Amino acid sequence: MFSQYLKETQNPIKDILNDKVLFKSYLNKIDIERGNLERSMLHALKTPEEEIRQKAIRYLIDKLDVPEEFIYVEESLRHLDRELKDRIDILVFNEKNGIRNNLLIVECKEPRVSINGEPIEQILRYNFYCNAKYLWLTNGKDNMIYAFDSVKDIYYPYTKIPPFNEMIEDTVYNGVRT
(Lines give C-alpha, C1' and ligand atoms only; values in the text may rest on other atoms or scores of the structure.)
Protein backbone atom coordinates (compact mmCIF):
# COMPACT_ATOMS: atom_id res chain seq x y z
CA MET A 1 0.00 0.00 0.00
CA PHE A 2 1.46 3.38 1.01
CA SER A 3 4.75 1.91 2.31
CA GLN A 4 5.37 0.36 -1.12
CA TYR A 5 4.48 3.65 -2.81
CA LEU A 6 7.11 5.43 -0.68
CA LYS A 7 9.78 3.11 -2.05
CA GLU A 8 8.68 3.84 -5.63
CA THR A 9 8.99 7.65 -5.39
CA GLN A 10 12.62 8.68 -5.40
CA ASN A 11 12.76 12.27 -6.66
CA PRO A 12 10.65 14.50 -4.40
CA ILE A 13 12.22 17.79 -5.59
CA LYS A 14 11.36 17.14 -9.23
CA ASP A 15 7.87 16.02 -8.19
CA ILE A 16 7.31 19.25 -6.28
CA LEU A 17 8.64 21.58 -8.95
CA ASN A 18 6.40 19.90 -11.53
CA ASP A 19 3.24 19.64 -9.43
CA LYS A 20 1.13 22.64 -8.44
CA VAL A 21 -0.52 20.92 -5.44
CA LEU A 22 2.82 19.90 -3.97
CA PHE A 23 4.25 23.31 -4.80
CA LYS A 24 1.37 25.08 -3.00
CA SER A 25 2.25 23.35 0.25
CA TYR A 26 5.64 25.05 0.17
CA LEU A 27 4.38 28.59 -0.27
CA ASN A 28 4.39 29.25 3.45
CA LYS A 29 7.84 27.68 3.83
CA ILE A 30 9.62 29.62 1.09
CA ASP A 31 11.73 32.62 1.96
CA ILE A 32 10.77 34.87 -0.94
CA GLU A 33 12.82 37.82 0.34
CA ARG A 34 16.02 35.88 -0.26
CA GLY A 35 14.76 34.87 -3.68
CA ASN A 36 16.35 31.46 -3.43
CA LEU A 37 13.42 29.21 -4.16
CA GLU A 38 15.32 25.99 -4.78
CA ARG A 39 17.48 26.31 -1.65
CA SER A 40 14.38 27.00 0.44
CA MET A 41 12.63 23.98 -1.05
CA LEU A 42 15.66 21.80 -0.41
CA HIS A 43 15.67 22.95 3.21
CA ALA A 44 11.95 22.22 3.58
CA LEU A 45 12.42 18.77 2.04
CA LYS A 46 15.05 17.91 4.60
CA THR A 47 12.39 17.32 7.22
CA PRO A 48 11.37 13.67 7.26
CA GLU A 49 7.75 14.60 8.08
CA GLU A 50 7.54 16.80 4.99
CA GLU A 51 8.79 13.98 2.79
CA ILE A 52 6.05 11.72 4.18
CA ARG A 53 3.45 14.46 3.61
CA GLN A 54 4.48 14.98 -0.03
CA LYS A 55 4.45 11.26 -0.74
CA ALA A 56 1.02 10.93 0.91
CA ILE A 57 -0.27 13.67 -1.41
CA ARG A 58 1.11 11.86 -4.44
CA TYR A 59 -0.46 8.62 -3.19
CA LEU A 60 -3.86 10.29 -2.86
CA ILE A 61 -3.63 11.72 -6.39
CA ASP A 62 -1.93 8.83 -8.19
CA LYS A 63 -3.41 5.79 -6.46
CA LEU A 64 -6.75 6.95 -5.02
CA ASP A 65 -7.69 9.32 -7.86
CA VAL A 66 -8.30 12.32 -5.59
CA PRO A 67 -8.58 15.41 -7.83
CA GLU A 68 -5.93 18.02 -6.97
CA GLU A 69 -8.55 20.72 -6.47
CA PHE A 70 -10.05 18.72 -3.58
CA ILE A 71 -6.85 18.62 -1.52
CA TYR A 72 -5.88 21.25 1.03
CA VAL A 73 -2.37 21.13 2.46
CA GLU A 74 -1.57 22.56 5.88
CA GLU A 75 -5.19 23.67 6.30
CA SER A 76 -5.53 26.05 9.22
CA LEU A 77 -8.30 25.53 11.75
CA ARG A 78 -8.11 29.18 12.78
CA HIS A 79 -11.07 30.11 10.56
CA LEU A 80 -13.22 27.74 12.65
CA ASP A 81 -11.98 28.98 16.02
CA ARG A 82 -9.65 31.97 16.41
CA GLU A 83 -7.96 30.32 19.39
CA LEU A 84 -6.81 27.34 17.32
CA LYS A 85 -3.30 27.42 15.95
CA ASP A 86 -3.45 23.88 14.56
CA ARG A 87 -2.96 23.01 10.91
CA ILE A 88 -4.15 19.81 9.30
CA ASP A 89 -1.39 18.22 7.22
CA ILE A 90 -3.75 17.12 4.43
CA LEU A 91 -7.50 17.55 4.10
CA VAL A 92 -9.44 15.87 1.30
CA PHE A 93 -12.91 17.22 0.64
CA ASN A 94 -15.66 17.27 -1.95
CA GLU A 95 -17.98 20.06 -2.95
CA LYS A 96 -21.49 19.90 -4.34
CA ASN A 97 -23.77 22.87 -4.99
CA GLY A 98 -21.36 25.13 -3.12
CA ILE A 99 -21.39 22.97 0.02
CA ARG A 100 -18.04 21.55 1.15
CA ASN A 101 -17.89 18.15 2.81
CA ASN A 102 -14.64 17.01 4.44
CA LEU A 103 -13.85 13.41 3.57
CA LEU A 104 -10.37 12.57 4.86
CA ILE A 105 -7.90 14.04 7.34
CA VAL A 106 -4.29 12.89 6.98
CA GLU A 107 -1.81 13.44 9.79
CA CYS A 108 1.81 12.76 8.89
CA LYS A 109 4.67 12.10 11.27
CA GLU A 110 8.32 11.47 10.60
CA PRO A 111 9.29 7.77 10.44
CA ARG A 112 10.90 7.65 13.89
CA VAL A 113 7.75 9.03 15.60
CA SER A 114 5.10 6.59 16.80
CA ILE A 115 1.60 7.21 15.51
CA ASN A 116 0.12 5.90 18.76
CA GLY A 117 -0.87 8.11 21.68
CA GLU A 118 -0.70 11.88 21.09
CA PRO A 119 -1.04 11.70 17.26
CA ILE A 120 -4.34 9.85 17.70
CA GLU A 121 -5.58 12.54 20.09
CA GLN A 122 -4.38 15.19 17.63
CA ILE A 123 -6.27 13.80 14.62
CA LEU A 124 -9.41 13.26 16.72
CA ARG A 125 -9.21 16.89 17.87
CA TYR A 126 -8.95 18.00 14.24
CA ASN A 127 -11.93 15.87 13.31
CA PHE A 128 -14.00 17.42 16.10
CA TYR A 129 -13.90 20.60 14.01
CA CYS A 130 -13.87 19.09 10.50
CA ASN A 131 -16.24 16.10 10.67
CA ALA A 132 -14.39 14.02 8.08
CA LYS A 133 -15.54 10.46 7.55
CA TYR A 134 -12.02 9.02 7.21
CA LEU A 135 -8.84 9.53 9.24
CA TRP A 136 -5.34 8.44 8.22
CA LEU A 137 -2.30 8.59 10.48
CA THR A 138 1.02 7.70 8.89
CA ASN A 139 4.72 7.88 9.56
CA GLY A 140 5.56 6.19 6.28
CA LYS A 141 6.12 2.82 7.95
CA ASP A 142 2.98 2.46 10.06
CA ASN A 143 -0.53 3.46 9.08
CA MET A 144 -3.77 3.77 11.01
CA ILE A 145 -6.94 4.29 9.02
CA TYR A 146 -10.35 4.83 10.55
CA ALA A 147 -13.86 5.48 9.27
CA PHE A 148 -16.42 7.29 11.37
CA ASP A 149 -19.93 5.88 11.64
CA SER A 150 -22.05 8.92 12.52
CA VAL A 151 -25.12 6.79 13.29
CA LYS A 152 -23.32 4.73 15.95
CA ASP A 153 -20.90 7.56 16.83
CA ILE A 154 -17.88 5.26 16.62
CA TYR A 155 -14.64 4.97 14.64
CA TYR A 156 -13.98 1.68 12.88
CA PRO A 157 -10.46 0.60 11.84
CA TYR A 158 -9.96 0.19 8.10
CA THR A 159 -7.21 -1.69 6.31
CA LYS A 160 -6.97 0.77 3.41
CA ILE A 161 -8.21 4.16 2.32
CA PRO A 162 -11.01 3.91 -0.22
CA PRO A 163 -10.58 5.58 -3.62
CA PHE A 164 -12.04 9.07 -3.95
CA ASN A 165 -15.16 7.92 -5.81
CA GLU A 166 -15.97 5.54 -2.94
CA MET A 167 -15.33 8.23 -0.33
CA ILE A 168 -17.96 10.47 -1.90
CA GLU A 169 -20.59 7.74 -2.48
CA ASP A 170 -21.97 7.93 1.05
CA THR A 171 -21.66 11.66 1.57
CA VAL A 172 -24.21 13.92 3.20
CA TYR A 173 -24.70 17.47 1.87
CA ASN A 174 -26.93 19.71 3.92
CA GLY A 175 -28.82 16.76 5.39
CA VAL A 176 -29.29 14.98 2.04
CA ARG A 177 -27.40 11.70 1.52
CA THR A 178 -25.98 11.23 -1.97
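**A look at the pattern of salt bridges**
Taken as a whole, this structure holds 7 salt bridges when the rule is applied. Residue Arg53 pairs with Asp89 through a salt bridge whose shortest N-O separation is 2.5 Å. Placement of the pair is Arg53 in helix H5 (residues 48–62) and Asp89 in strand S2 (residues 87–96), with a sequence separation of 36 residues. Using a relative accessible area of 6% as the deciding quantity, one classes Asp89 as buried. Residue Arg112 pairs with Glu110 through a salt bridge whose shortest N-O separation is 2.7 Å.

**Thoughts on unusual backbone geometry**
Backbone phi values are negative for most residues with the exception of glycine, while trans is the configuration of most peptide bonds. The phi torsion at Asn97 lies on the positive side, around 55°, for a residue other than glycine. Here Asn97 shows up in the loop between S2 and strand S3 (99–108). For Asn97, a relative accessible area of 73% puts it in the exposed group. Even without a glycine there, the phi angle at Asp153 is positive, about 55°. The exposed category is assigned to Asp153, whose relative accessible area is 60%.

**Here we look at the packing of aromatic side chains**
By the definition in use, this model includes 7 aromatic pairs. Judged by centre distance (5.1 Å) and plane angle (90°), the rings of Phe128 and Tyr129 are edge-to-face. Given a relative accessible area of 63%, Phe128 falls into the exposed group. Residue classification places Tyr129 among the partly exposed positions, given a relative accessible area of 28%. Here the aromatic cluster, defined as three or more aromatic residues joined through ring pairs, consists of Phe70, Tyr72, Phe93 and Phe164.

**Examining the confidence of the model for the protein chain**
On average, the protein chain scores 76 in pLDDT, and the residues at 70 or more come to 64%. Element-level pLDDT for the protein chain is lowest in strand S8 (residues 176–177), with a mean of 42, against a maximum mean of 95 in strand S4 (residues 134–138). The low-confidence segment residues 172–178 (pLDDT under 50) makes 17 contacts with residues lying over four places distant or belonging to another chain.

**Side note on H5**
For H5, with 15 residues, the first-to-last C-alpha span of 21 Å sits near the 21 Å given by 1.5 Å per residue. Summarising burial for H5: 11 of the 15 residues are buried, a large majority. Every buried residue belonging to H5 is among Glu50, Ile52, Arg53, Gln54, Lys55, Ala56, Ile57, Arg58, Tyr59, Leu60 and Ile61, and all of these are buried.

**Considering the environment of Leu104**
Here Leu104 is to be found in strand S3. In the structure, Leu104 is positioned 31 residues away from Leu135 in sequence and 5.5 Å away in space, judged by C-alpha atoms. When neighbours within four sequence positions are excluded, Leu104 is seen to be in contact with Leu60, Ile90, Leu91, Val92, Ala132, Tyr134, Leu135, Trp136, Ile161 and Met167.

**Description of helix H6 (residues 118–130)**
The end-to-end C-alpha distance of H6 is 18 Å, a good match for the 18 Å that 13 residues give at a rise of 1.5 Å each. Every buried residue of H6 is listed here: Pro119, Gln122, Ile123, Tyr126, Asn127 and Cys130. Here the buried residues of H6 occupy an arc of 130° about the axis, which is enough to place them on one side. In this structure, H6 carries Glu121 and Phe128 as exposed residues pointing more than 90 degrees from its buried face. Considering only its buried residues, H6 is in contact with S2, S3, S4 and strand S6 (154–158). In the stretch just after H6, Asn131 is the one whose phi turns positive, near 55°.

Procedures and definitions
Residues numbered from 1 in each chain as written. Predicted model: local features only at pLDDT ≥ 70, side-chain atom pairs only at ≥ 80, totals over all residues. Heavy atoms only, no water. Salt bridge = Lys/Arg side-chain N within 4 Å of Asp/Glu carboxyl O. Helix = DSSP H or I, 4+ residues; strand = E, 2+ residues; numbered from the N terminus. Buried < 20%, exposed > 50% of the residue type's maximum accessible area, 1.4 Å probe, protein only. Phe/Tyr/Trp six-rings, centres within 6.5 Å; stacked < 30°, edge-to-face > 60°. pLDDT = per-residue confidence, 0-100. Contact = heavy atoms within 4.5 Å. Expected span 1.5 Å × (residues − 1). Arc of directions from axis to C-beta.

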